[in-house]
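Per-entry structural report
So you can see what is in the structure, the chains are spelled out below.
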Protein chains: 2
Amino acid sequence: MAYQAAFLALADPTRRRVFEELRRGPRSVGKIAARMPVSRPAVSQHLGVLKKAGLVADRAEGTRRVYCIDPNGLAAIRTWLDQFWDEALAAFQAELEKKDSHA
Amino acid sequence: MAYQAAFLALADPTRRRVFEELRRGPRSVGKIAARMPVSRPAVSQHLGVLKKAGLVADRAEGTRRVYCIDPNGLAAIRTWLDQFWDEALAAFQAELEKKDSHA
DNA sequence: CACAAGCGTTAGTATTGACTTACAGTTAGC
DNA sequence: GCTAACTGTAAGTCAATACTAACGCTTGTG
């Protein structure tokens with residue numbers, strides 16, 4: 001049930017942009033906020049949501065806080081996606097067989 | 001840029017539950033709403049959002065409207081996920097080499 | 001032709017949440 | 001110790017949205 005938070009976190013465009021910024025590598029909060037159209041506290045809040053969703057991880061580095069990508073969040077989404085796809089495909093084939101037995 | 005709508009659509013719990021209900025196979029609006037804690041118009045609106053996101057498709061069947069899963073929406077998310085993962089992995093390895101050249 | 005079933009749409013409401021400003025806490029340098 | 005740099009947090013505001021109730025439209029049935 002972890003994909004719930006992940007989907008909710010990635011739904012917001014600004015927050016996903018923050019997340020995608022970390023795709024280039026680990027960054028501090030200030031570095032990220034400098035490239036964003038919103039204020040630094042807003043970025044900090046977004047990072048908090050992403051962290052709770054298991055999408056990012058943070059480590060203290062002196063006075064600044066460096067964030068990087070946490071694979072767990074994306075893995076949760078991928079798992080959900082694969083499982084969903086398998087079930088849907090199975091249901092689809094079951095539907096076909098039902099119509100075959102009809103003929 | 002199609003994953004934007006898909007993520008936004010799957011973020012809402014009720015809407016995702018509607019979507020997951022179609023995993024079992026094609027259903028009419030009434031059938032879905034019967035298993036939901038919200039009213040039928042709410043389900044209809046959710047289905048509209050899912051349709052615009054390319055996650056479901058509908059066909060008229062007499063007086064009732066049957067919805068089924070549209071692979072396009074999920075494919076968009078999968079594409080984004082794969083691409084994101086590749087870039088993040090490349091950045092991670094680049095980070096490692098940078099530290100190697102440091103030694 | 002009238003009636004009922006099944007949906008989509010609209011208007012209106014209440015709640016969620018993204019954002020800014022101001023403040024408090026922690027760490028490096030003089 | 002004192003200042004500056006960097007960040008998380010709290011309170012408040014405003015826009016987005018999920019929901020219900022009421023209505024109108026289309027299709028099958030007597």
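Report on the accompanying structure. The shown structure was predicted, so the numbers you read here are calculated from the model rather than taken from an experiment. (Residues numbered from 1 in each chain as written. Chains lettered and ligands numbered in written order. Predicted model: local features only at pLDDT ≥ 70, side-chain atom pairs only at ≥ 80, totals over all residues.)

A word on the overall build of chain A. Secondary structure summary: chain A contains five helices and three strands in total. When the helices and strands of chain A are listed from N to C terminus, the series reads α-α-β-α-α-β-β-α. Computed over the C-alpha atoms, the radius of gyration of chain A is 19 Å, more than 25% above the 13 Å expected from 2.2 N^0.38 for a compact globule of 103 residues. The principal-axis extent of the C-alpha atoms belonging to chain A is close to 70 × 25 × 20 Å. Going through the 103 residues of chain A one by one, you find that 25% of them count as buried. Taking all contacts inside chain A whose residues are at least 6 apart in sequence as the whole, residues at least 24 apart take part in 52%. (Helix = DSSP H or I, 4+ residues; strand = E, 2+ residues; numbered from the N terminus. Rg over C-alpha atoms; globule rule 2.2 N^0.38 Å. Buried ≥ 20, exposed ≤ 12 C-beta atoms within 10 Å, placed from the backbone. Contact = placed C-beta atoms within 7 Å.)

Attention now moves to the relation of the copies chain A and chain B. After a rotation of 180° and a shift along the axis of 0.1 Å, chain A superposes on chain B with an RMSD of 0.1 Å. The relationship between the two copies is best expressed as a two-fold rotation axis. (Least-squares fit on C-alpha atoms with pLDDT ≥ 70 in both.)

Moving on, we come to the nonpolar core. Core analysis: the largest hydrophobic core is formed by 43 residues, its most contacted members being Ala6(A), Leu50(A), Leu55(A), Val56(A), Ala6(B), Leu55(B) and Val56(B). Here this core takes six residues from helix H1 (residues 3-11) of chain A, the largest share from any one element. In contact with Val56(B), not counting residues within four places along its chain, are Phe19(B), Leu22(B), Leu47(B), Leu50(B), Lys51(B), Tyr67(B), Cys68(B), Ile69(B) and Asp70(B). (Core = buried A, V, L, I, M, F, W, Y, C linked by C-beta atoms within 7 Å.)

With respect to spatial proximity, 22 residues lie near DNA strand C, and among them Ser39(A), Ser28(B), Gly30(B), Ser44(B) and Arg64(B) are the closest. Of all the secondary-structure elements, those providing two or more residues to the surface near DNA strand C are helix H4 (40-52) of chain A together with helix H3 (29-34), helix H4 (40-52) and strand S3 (64-69) of chain B. Residues that form the surface near DNA strand C fall into these classes: six nonpolar, 12 polar and four charged. (Near = placed C-beta within 6 Å. Nonpolar A, V, L, I, M, F, W, Y, C, P; charged D, E, K, R; others polar.)

At the junction of the two partners, chain A supplies 20 residues and chain B supplies 20 residues. Counting only elements with at least two residues in the side of chain A that touches chain B, the list comes to H1 and helix H5 (71-100) of chain A. Ranked by the residues each element gives to the side of chain A that touches chain B, the list is headed by H5(A), at 10 residues. Residue classes in the side of chain A that touches chain B are distributed as 13 nonpolar, two polar and five charged.

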